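Summary of the model geometry
Residues per chain are reported as follows:
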Amino acid sequence: MTEIQHHLTEDLIAAYAAGTLGHAFSVVVAAHLSLCDECRSQLEAHEHLGGAVLEDLTQETVSVGLKSAVLAGIDLPAPPEPTRITRSGIYPSAIMTALKGRPPKWKPVGGGIRQCIIEQGAEGSLRLLYIPPGRAVPDHGHGGLELTLVLQGSFHDASGAFKAGDVEVATEDVQHVPIAGEGIACICLAASDAPLRFRGWLPRLLQPMFRI
Ligand code: ZN
Ligand code: ZN
């Protein structure tokens, strides 16, 4: 893995540690964490912080009722972890688990671009994108947050160049045209919490077909 330049934000790591991140974003975050020592040590720091807060709660400053409620909470059996499926090729374990162990099913969406929708609902979507070398994804804005993790190749847009392992955090105010690097196709995992907004009339026309 080449050196990672673009990391998760601290807010995302904190939300992931607290378990408050939606599933689609969690898969992207878990996949980046599996590739990135730097973010993983930040996550560990957050988990320690969570533990310290819990320890403070159990001191005599809190009521006996709260203390026993907290301690009872600790005794509850942890919810079952989803069965983890091991890494396969460029796809980290978190993605293979989301794919239920099956290889991605690619669907052409025009311009040589292919996508594999892993999950899609009113809250957003999780999908893999395959962008041939030098090709652009239509100019679009975001109704919310979009996280894109590069798994193979690279892409660049106005905010920088993203290589394998890098994650782009695009917020509502970002309008961008990601273009795949030359040489090898760019494969990335993208999660969004709202449908994307395309600018031109043609992409808007294509949007129902893209299902993004
Ligand atoms: Zn990182
Ligand atoms: Zn985007």
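Residues numbered from 1 in each chain as written. Chains lettered and ligands numbered in written order. Predicted model: local features only at pLDDT ≥ 70, side-chain atom pairs only at ≥ 80, totals over all residues. Heavy atoms only, no water.

1. Overview of the pairing of strand β5 (residues 146–152)
In terms of burial, β5 is largely enclosed, as seven of its seven residues are buried. Note that β5 and strand β8 (residues 167–170) share four bridges and pair antiparallel. If you follow T148 over to β8, its bridge partner there is E168. As judged from the six bridges shared by β5 and strand β10 (residues 186–192), these two strands associate in the antiparallel manner. Along β10, the bridge assignment pairs V150 with C188. (Buried < 20%, exposed > 50% of the residue type's maximum accessible area, 1.4 Å probe, protein only. Helix = DSSP H or I, 4+ residues; strand = E, 2+ residues; numbered from the N terminus. Pairing = 2+ DSSP bridges.)

2. A word on a positive patch on the surface
Residues K100, R102, K105 and K107 make up a contiguous surface patch of positive charge. In this structure, R102 sits in the loop between α5 (93–98) and β1 (107–108). (Patch = residues over 30% accessible without salt bridge, like charges linked within 9 Å, V, L, I, M, F, W, Y side chains within 5 Å. Areas by Shrake-Rupley, 256 points an atom, 1.4 Å probe, with all protein chains shown as cover. Salt bridge = Lys/Arg side-chain N within 4 Å of Asp/Glu carboxyl O. Lys, Arg positive; Asp, Glu negative; His and termini not counted. Charge placed at Lys NZ, Arg CZ, Asp CG, Glu CD.)

3. Focus on the pairing of strand β6 (residues 154–157)
The two faces of β6 differ: F155 and D157 on one face are buried, but S154 and H156 on the other face are not. Relative to strand β7 (residues 160–163), β6 runs antiparallel, the two sharing four bridges. What sits directly across from F155, in β7, is F162. Joining the antiparallel neighbours β6 and β7 is a turn of two residues. Where β6 lies against strand β9 (residues 179–180), two bridges are found, and the strand directions are antiparallel. If you follow F155 over to β9, its bridge partner there is A180.

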